[in-house]
Amino acid sequence: MSAELRASGITAGYGGDPVIRDISLHVAPGQVVSLVGANGSGKSTLLKSLAGVVRPSAGTVMVGDRDLTGRAPEDVARAGVGYVPQVDDVFVPLTVRENLEMGGYLLRPSQVRARIEAVVMVFPRLGTMLTRQAGKLSGGERKMLAMGRVLMLEPAVFLLDEPTANLAPAVARTLLEEHVRRLASDGAAVLIVEQRARAVLAISDRTYVLAGGEVRMTGTPAELSVSPAFVESFLGGTVAR
Amino acid sequence: MTIFLASLGFGLVTASVLAIAAVGFTLQFGVTDVLNLAYGAVMIAAAFIAYVVNQAGVSIWVGLVVAVAAGALGSVLLNAGVYTPFQRRGASPITMVIVSLGMTLIIEFGTQAIAGGTSVSYSMGQGPAVSADGLVLSTVQLVVIGLSVVVMAGTHVLLRYTRLGKAMRATAANKNLARNCGIRTARVITLTWAITGALCGLAGVVFAMDAGSFDATSTDLFLILILAATFLGGPGQAYGAMLGALVIGLATEISAAYITPSYKYVIAFVALLAMLGIRPSGLLGERAG
Amino acid sequence: MSSYYLINLLVYAAVDAMACLGLSQQFGVGGVTNFGFIIFQAAGGYMAAILALPDASANGGFQSYIGGLNLPFPVPWIGAAVAGGALALPFTFLVGRRLRGDFAAVGLLVTAVLLNLLVTNYRPLLNGDAGLSLIPQPLQGEFDPTSSSYQWIFTAGAIVCCALVYLLVSRITNSPYGRSLRAMRDNDTVADSLGKNLLAMRTTMLVTGGAIAGLSGGILVSYITTWSPAAWGYAETVVLFAAVIIGGAGNHLGAVLGAVLVPVGFEEVTRYIPTSNSLPPNLIPSLEWVAIGLLIVIFLWVRPQGILPERRRVIREAGTGLADTAPAAAAAVPVPAGPPPPESVTAAARPEGQRGSPDPQGPRSGEVVLRAVEVTREFGGVCAVAGVSFEVRHGTVTGLIGPNGAGKSTLLAMLAGTLPVSAGQISYLDQDVTGLPAYRRARLGLIRTFQLASEFKRLTVLENLLSAVPVNGGDSMRGALAGPRYWRGDEQAAIARARTLLKRFGLDELANSYAGDLSGGQRRLVEIMRALMAEPQMLLLDEPMAGVHPNLARRIGGELMSLAAEGLTVLMVEHELAIMDEFCDPVIAMAEGAVLAQGTMADLRGRAEVVEAYLVG
């Protein structure tokens, strides 16, 4: 299954002033698109409004030809969108296997086992700890489990919120270059939020730079890495304007 | 030794009633994060519904089925009509508990208003006594124990092996993530209240059977046992509630054999306060950092 | 209307109002939810009884009870209050910080149910189910208790006692101590971080409420001359809660109103319902309970603040005293205006003669103020902070940066004492504070702010600032009881300081608005000003600039630098790296729970591992 993700004019917040304003982006199947920017620039909020966790006050979210604007998270998930949040990303009291089973909740029972095996092939480490409680995993293992959970449904669209936070640089690089890149090469549309701009640029087809709740610039990695404005808008944040 | 065995027998029956009740209570907390203090009131209301059916000339076991259904329906309405709206507004846990106290008054004394203040009993035979080695139990008591075992086994199967049970555990562990998995948590919560409400109704009837005679206020003290069993095992932990029920039920009845029976609740009380003071997450719960 | 009826009504009104005032103080102001409240009234009643009754063998020994000391008035009433207060002490373990409010409340509820059971069943203690009767009334040896004049004087006495209790709780609540109680109620973690001893305050609330409830029990018992377990079932606590919620929690006049409407009102209304033999005898009382339950739920839904909500405390500009719009009696005394507000915020943050001013024995520039040695935090198998060591020197604004998940907030929480360390030491001003709770560190001058909104919502902006003042004579029970004359000076000085700060940061127009009504950036400012009011030696700031307008952020940064020049030490977690450039030196960079490097921002930008891990990683 493949589908394009298209967001137009998204404005959203948590009551009070909007955190993000009039943001538009799109991710085609097979593409990795990254979202970078300083903390507080609204990256997580944007992802949440695409995943149905936050309801946008304006704008539309389309996955393929389905309008998912403002739909509940469970409906967005059923429409083929896999969202990995930044925190609270696993079911802590459940085992690794049960976490994966939860990821495969929408599957028929006969399919669940096969999918677990497939996920374990992608993340062999998980295969050695299927009966371990998720709360007892290390940071890196937890992130793998969070990704594995989402992989169970083979969604058409992936929304990843800082999947490399807490990970050692080498592990982060592996996660991005091997696993995230492969999601796209398998046909999905991947939207990934990251703070480590350089690392994620290396695997992106396109990057959006967010600052102060708006899109500051966008371009391919080649274009951006030679742009002085890119470094400045990313590092300077809102104070040095 | 006979005293000990006899009290052991009573203890098993109490533990059985308590297990059915505590499992329902703790699961309600696990999935909704509300201490539903009106649980005891719903129990006794269900007991009275069974009584009404019984008085109409029908067997009490049919009454039990009706009570179970009533408990399920009533609990779903309680959560959907009262607790959920307050929670949606962001009410604090204290407010929720005061609301549950208010609902306790409404349900308990509403039952008393309708049923009257005098004690009643079911019209039922106790069945032949069964004895083994000095331990004597009536058939009805054995049935209660059997029902409890069935409930515990069923709960185990539900939580471990069924799709709904896993969805319940996921919702209790991390509601937002459960939704991201496509789980319709609102539906899961409603079903949880239906199931635990059914347990509540069942607990009410077997409680009344065990007590012999009862009135609308009979479950006031029993709620202490439920709370003690829940906190011993850990709020939200179904297996903890089973363990807690066994410990509290046995300890209560066995101690009653050796000290004045009126004080048997003291053990539960001490256990509850000790857990609250030392380890509120319970024996089986996660220690809070 | 017979005079007997009126006397009965008034005595019950006085007793119920007194009990509700005790609950209003404990629950409405102090935020302590005590579902066993009725047992304190019961304790008072029983104590008054056993102090006043003759020995148990009297009257043919038909009652058995302990005590029986036959003591004259007013000893039984005093004993009642003492008993109510003393009963609170064993339960203080339930109101410490660690237990969820609803769990603690349930513990007290269960206690009430059980004590009733115990007293009912253990006859030798207090005559069990039948209860105590023939309790002597005050001075019944000297006067005839059945005479009309005695009854009226008794009634007057009860009302006077109630009025005295009202004055007492008002005095407590309108003092700086009352403000600290309300702050604790609104956000106990933050109150803790500002130096408030939560356990002591909650214990005081339990004891105070208990003593007032006890006194009400003593008076009631002296009137009706009997007292049995039926009078104090657990449901009676619910009635009192209903009264306080409906009348208005946090407003003492509301508590009195609630007492008149609920316990008294219900009694009276049911008196007029015609009894009929066709109705079952239990119906009316049962429906009363149903009605109370309905009222609780409906009020909590429709008007949770009650009929008379807690008043917003408006503090007028200097010269008119401290009272809000309430009775002239308090505001009539002309109060000399406070000292002319100093112009600079640095002076406002460091008033003369108070703790913050340059202290010859204190650390000098360059000396280490805060030292972390191998500080570690592990929980549930995840290591958030791994063996972090560093020093913060006096008079610096030190920055702490790192990507999300680097452990900065966790580290800050451990430095402040809100989170315990798994391993390592923290020393502050050469003192090992590793095991010291947050409020003790705050009292030593180590003050923190929080990442998420942490204002006291139901206090005004000015009250928020005032709540942080570390030295205020009125910020203790003793000071509160001593009255405004005792703490007015401290309060005036604090108000002056606060107003200066407010003007400096441009929020003086909002001084008397509820802090919860402000915008995000404004609330952030209130938090920073509040931290400055606490006369810190060292500030731990958790993302203070988040959500603040760039110009204002710059001004805050500038103020912090001036304060640092005067001797304040600051450790600041921030994401805005430009802020680090401008205001912070040195800067510590963290990643994955460990310190990567330390230096000026320019240095760090030149270090490859820092850039890799964080900047454009």
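Now for a look at the structure at hand. Computed from a prediction, not measured in an experiment: that's the story for all the values here.

## Topic: the packing of helix α4 (residues 93–115) of chain B against helix α4 (residues 101–121) of chain C
Then comes step 1: α4(C) packs onto α4(B) with a crossing angle of 40° between their chain directions and a minimal axis gap of 8 Å. Between α4(B) and α4(C), the angle falls in the class oblique. Across from B:Pro93, B:Ile94, B:Met96 and B:Val97 in α4(B), the residues of α4(C) making contact are C:Gly101, C:Asp102, C:Ala105 and C:Val106.
Then comes step 2: Split into classes, the residues belonging to the contact of α4(B) with α4(C) amount to 6 nonpolar, 1 polar and 1 charged.

## Examining the sheet that holds strand β9 (residues 587–591) of chain C
In a beta sheet, neighbouring strands are held together by backbone hydrogen bonds and run either parallel or antiparallel to one another.
Residues and elements named next belong to chain C.
Then comes step 1: Taken in spatial order, the 6 strands line up as β6-β7-β8-β3-β9-β10 in an open sheet, and their pairing is mixed. Sheet topology places β6 (446–448) and β10 (594–599) at the edges, where each strand pairs with a single neighbour. Sheet twist, expressed as the average angle between the axes of neighbouring strands with direction ignored, equals 15°.
Then comes step 2: The sheet contact formed by strand β7 (residues 538–542) and strand β8 (residues 569–573) spans 5 bridges and is parallel. When the bridges of β8 are listed, Leu540 appears paired with Leu571.
Then comes step 3: Its contacts with the sheet put helix α15 (residues 408–416) on β3 (397–401), β6, β7, β8 and β9, and the angle it makes with β7 is roughly 150°.

## Regarding the sheet that holds strand β7 (residues 157–161) of chain A
Residues and elements named next belong to chain A.
Then comes step 1: Spatially, β6-β7-β8-β3-β9-β10 is the arrangement adopted by the 6 strands of the open sheet, whose pairing is mixed. Every other strand in the sheet has two partners, leaving β6 (81–84) and β10 (214–219) as the edge strands with one partner each. Ignoring which end each strand starts from, the neighbouring axes of this sheet average 15° apart.
Then comes step 2: Packed onto the sheet, helix α1 (residues 43–51) meets β3 (32–37), β6, β7, β8 (189–193) and β9 (206–211) and runs at close to 150° relative to β7.
Then comes step 3: Packing against the sheet, helix α7 (residues 169–185) makes contact with β3, β7 and β8, and its axis sits at approximately 150° to β8.

## Some points on the interface of chain A and chain B
Then comes step 1: In this complex, chain A contributes 19 residues to the contact, which on the side of chain B involves 15 residues.
Then comes step 2: For the side of chain A that touches chain B, the residue count by class is 13 nonpolar, 1 polar and 5 charged.

## With respect to the interface of chain B and chain C
Often, the extent of an interface is quoted as the loss of accessible area on bringing the components together.
Then comes step 1: Of the residues lining the interface, 35 residues belong to chain B; the matching set on chain C comes to 34 residues.
Then comes step 2: Those elements that provide at least two residues to the side of chain B that touches chain C are α4, α9 (219–233) and α11 (265–278) of chain B.
Then comes step 3: Among the elements that line the side of chain B that touches chain C, the one with the most residues is α4(B), at 16 residues.
Then comes step 4: Split by residue class, the side of chain B that touches chain C holds 25 nonpolar, 9 polar and 1 charged.

## Quick look at the environment of C:Leu294
Residue and element names in this part refer to chain C.
Then comes step 1: With respect to the helices and strands, the residue Leu294 is situated in helix α12 (residues 283–302).
Then comes step 2: Given 17 C-beta atoms within a 10 Å radius, Leu294 is considered partly exposed.
Then comes step 3: Separated by 52 residues in the primary sequence, Leu294 and Ala242 place their C-alpha atoms 9.8 Å from one another.

Cut-offs applied
Residues numbered from 1 in each chain as written. Chains lettered and ligands numbered in written order. Predicted model: local features only at pLDDT ≥ 70, side-chain atom pairs only at ≥ 80, totals over all residues. Axes fitted to C-alpha atoms, helices over the stretch in contact; angles between N-to-C directions. Helix = DSSP H or I, 4+ residues; strand = E, 2+ residues; numbered from the N terminus. Parallel < 35°, antiparallel > 145°, perpendicular 65-115°, else oblique. Contact = placed C-beta atoms within 7 Å. Nonpolar A, V, L, I, M, F, W, Y, C, P; charged D, E, K, R; others polar. Pairing = 2+ DSSP bridges. Buried ≥ 20, exposed ≤ 12 C-beta atoms within 10 Å, placed from the backbone.

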